[in-house]
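Residue-level structure breakdown
Here is how the chains run, residue by residue.
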Amino acid sequence: MTIKLTEINPGECYRILENERFGHLACCKDGQPYVAAMYFAFSSGVAYSFTMPGKKLDWMRGNDKVCLHVEQRSSAGGWTSVVVEGRFEEFPDSDARRSERLHAWSLLQKYSDWWEIGSMKPHELPMLDGSPHVFYGIVVTAVSGRSAVRTE
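Cut-offs used in this document
Residues numbered from 1 in each chain as written. Predicted model: local features only at pLDDT ≥ 70, side-chain atom pairs only at ≥ 80, totals over all residues. Heavy atoms only, no water. Helix = DSSP H or I, 4+ residues; strand = E, 2+ residues; numbered from the N terminus. Buried < 20%, exposed > 50% of the residue type's maximum accessible area, 1.4 Å probe, protein only. Contact = heavy atoms within 4.5 Å. Areas by Shrake-Rupley, 256 points an atom, 1.4 Å probe, with all protein chains shown as cover. Arc of directions from axis to C-beta. pLDDT = per-residue confidence, 0-100.

Looking at an unreviewed UniProt entry, one finds the protein chain named Pyridoxamine 5'-phosphate oxidase family protein and attributed to Rhizobium redzepovicii.

And the structure:
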């Protein structure tokens, strides 16, 4: 059995991003990479997501160049992989960014578990007066993809 590897065009990459909602986000600080799982909703060249304060958010705020990897598996044992090079953009709860924040929420809330990964921490957080959650987007600057199909 062999595997045939082919590049997919940007249009197909965007179609996959619009239909998937789980991926892995990579960011970097001082030459050290960090990868975290994330749920997202993709629309008009932006992968919208949600998170709480922590390492990923701190690193993206310090270096807005990020990468998103999304993979689709087929029942025949093949796969398609899409890599997004992008720029982190935060949507704070301010008058200037409120419409983008609401747009992110409107896309994400279509799924019952949109908030789970972004709201979980491995340790207990102290009670706060307000919610520190952050809506953000990964604005696509480049996209590429490959597909692998098993052949007999």
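Details of the overall build of the protein chain
Helix and strand counts for the protein chain stand at four helices and eight strands. Across the protein chain, helices and strands are ordered from the amino to the carboxyl terminus as β-α-β-β-β-β-α-β-β-α-α-β. Residues counted as buried form 38% of the 152 residues belonging to the protein chain. Considering only intrachain contacts with a sequence separation of at least 6, the fraction spanning at least 24 residues in the protein chain is 71%. For the protein chain, the accessible area works out to roughly 9,000 Å², and carbon and sulfur atoms hold 51% of it.

Looking at helix H2 (residues 55–62)
Every α-helix winds through 3.6 residues per turn, so residues three or four apart in the chain are directed the same way. Within H2, the full set of buried residues consists of Lys56, Leu57, Trp59 and Met60. Buried positions in H2, seen along its axis, are confined to an arc of 165° and lie on one side of it.

Looking at the confidence of the model for the protein chain
This prediction gives the protein chain a mean pLDDT of 84; 80% of its residues lie at or above 70. Within the model, pLDDT remains below 50 along residues 116–121, and this stretch shows twelve contacts once partners closer than five positions in the same chain are excluded.

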